[in-house]
Amino acid sequence: MKKRQLLQSSAAIVGVACLSPYLLKKATVMTTSKSEFEINKTEEEWRKELTPEQFQVLRKHGTERAHTSPLDKQYDQGTYVCAACDLPLFTSETKFNSRTGWPSFSDPIENAIGISVDKSLFMTRVEVHCHRCGGHLGHVFNDGPAPTGKRYCMNGVSLKFIGA
Ligand code: FE
């Protein structure tokens, strides 16, 4: 091995050695936050219980195509529950027509949701998930109606409507 190659190999080994603790630490943190949810199932278990569309959105942070959910135009009185674990998330009183093509609400039921920062798709958005099972629901924006000023932009496939 030439001296230059030897130096490059050494640098690569040192680089991996320095990165390893960081990677391990990051993986540990992710595992810890997942186990904080009251309902904690494996990917295979969720795959069996959910439809392919529900699995893609709830467990893989997918987004349904706009204007495809029947719940977007649903304005009857009732409750919107998590499609994965049935936890009540929103009531019809806070639903409004955002004209985005996704079911939208100005306020969730107390303690029903959790939020995290989502930096995917070259944007920083606030991600919304079910407090009980961690299922991805959508995002929340600051351009909603009074009194909260919030727009909870939800995937209809993550919700089930229970009429009053
Ligand atoms: Fe849930």
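Everything numeric here is computed off the predicted structure, so don't read it as measured data. (Residues numbered from 1 in each chain as written. Predicted model: local features only at pLDDT ≥ 70, side-chain atom pairs only at ≥ 80, totals over all residues. Heavy atoms only, no water.)

**Q** What should I look at first to understand the nonpolar core in this one?
**A** Generally speaking, soluble globular proteins have nonpolar side chains that are buried together. In terms of nonpolar packing, the biggest core is built from 24 residues, with Cys82, Leu89, Tyr152 and Met154 touching the most fellow members. Of all the secondary structure elements, the ones that give two or more residues to this core are helix H3 (52-58), strand S1 (78-82), strand S2 (88-91), strand S6 (125-130), strand S7 (136-141) and strand S8 (151-154). Contacts of tyrosine 152, omitting those with residues within four sequence positions, involve Phe90, Pro103, Ser104, Phe105, Ser106, Asp107, Pro108, Ile113, Val128, His139 and Val140. (Core = buried A, V, L, I, M, F, W, Y, C linked by side-chain atoms within 4.5 Å. Buried < 20%, exposed > 50% of the residue type's maximum accessible area, 1.4 Å probe, protein only. Helix = DSSP H or I, 4+ residues; strand = E, 2+ residues; numbered from the N terminus. Contact = heavy atoms within 4.5 Å.)

**Q** I tried to follow the confidence of the model for the protein on my own but got confused; where do I start?
**A** Close inspection of predicted coordinates is inappropriate for parts of the model with low pLDDT. Here the protein averages 85 in pLDDT, while 79% of its residues score no lower than 70. Under a pLDDT of 50 for its full length, residues 9-33 has, in the predicted model, one contact with residues more than four places off or in other chains. (pLDDT = per-residue confidence, 0-100.)

**Q** Before we go on, may I ask you to explain the sheet that holds strand S5 (residues 113-118) in this structure?
**A** Backbone-to-backbone hydrogen bonds pair the strands of a sheet. The strands run either parallel or antiparallel. The six strands are arranged S3-S4-S8-S7-S6-S5 in an open sheet whose pairing can be described as antiparallel. The sheet is open, and its two edges are formed by strand S3 (95-96) and S5, each paired on a single side. For S6 and S7, the ladder comprises four bridges, and the chain directions are antiparallel. Paired with glutamate 127 across the strands is histidine 139, a residue of S7. (Pairing = 2+ DSSP bridges.)

**Q** Can you help me understand the pattern of salt bridges in this one?
**A** Where charged atoms of side chains with opposite charge meet at close range, the side chains can pair. The final tally for this structure, using the stated rule, is eight salt bridges. Among the salt bridges present, the one from glutamate 49 reaches lysine 41, with a minimum N-O distance of 2.8 Å. Residue glutamate 49 is classed as partly exposed on the basis of its relative accessible area of 44%. Take lysine 41: its relative accessible area is 30%, and that puts it in the partly exposed class. Through salt bridges with shared partners, one network takes in Glu43, Glu44, Arg47 and Lys60. (Salt bridge = Lys/Arg side-chain N within 4 Å of Asp/Glu carboxyl O.)

**Q** Sorry, what's going on with the coordination of the iron ion here?
**A** Coordination angles at a metal have ideal targets, namely 109.5 degrees for four tetrahedral donors and 90 or 180 degrees for six octahedral donors. All of the protein donors around the iron ion are Cys82 (SG), Cys85 (SG), Cys130 (SG) and Cys133 (SG); their distances to the metal are 2.3 to 2.4 Å. One can describe the site at the iron ion as tetrahedral: its four donor atoms subtend angles covering 101 to 117° at the metal. If you list the donors of the iron ion from N- to C-terminus, the spacing comes out as C-x2-C-x44-C-x2-C. With cysteine 82 in strand S1 and cysteine 130 in strand S6, this residue pair connects regions lying 48 residues apart in the sequence. The same class applies to cysteine 82 as to cysteine 130, namely buried. (Donors = N, O, S within 2.8 Å, 3.2 Å for Na, K, Ca; no water. Tetrahedral: all angles 85-135°; square planar, octahedral: opposite > 155°, others 65-115°.)

**Q** What exactly am I supposed to notice about the environment of glutamate 93 here?
**A** Here glutamate 93 shows up in the loop between S2 and S3. Each C-alpha atom of the pair glutamate 93 and serine 106 lies 9.1 Å from the other, and the pair is 13 residues apart in sequence.

**Q** For this particular structure, what's the right way to read the packing of aromatic side chains?
**A** The geometry of an aromatic ring pair is captured by two quantities: the separation of the ring centres and the angle between the planes. One pass over the full model with this rule turns up four aromatic pairs. When the centroid spacing of 5.0 Å and the interplanar angle of 70° are considered together, the rings of tyrosine 80 and phenylalanine 105 count as edge-to-face. Taken together, the positions of tyrosine 80 in strand S1 and phenylalanine 105 in strand S4 (residues 104-105) put the pair 25 residues apart, joining distant regions of the chain. Residue tyrosine 80 is classed as buried on the basis of its relative accessible area of 0%. Aromatic rings pair up to connect Tyr80, Phe90, Phe105, Tyr152 and Phe161 into one cluster. (Phe/Tyr/Trp six-rings, centres within 6.5 Å; stacked < 30°, edge-to-face > 60°.)

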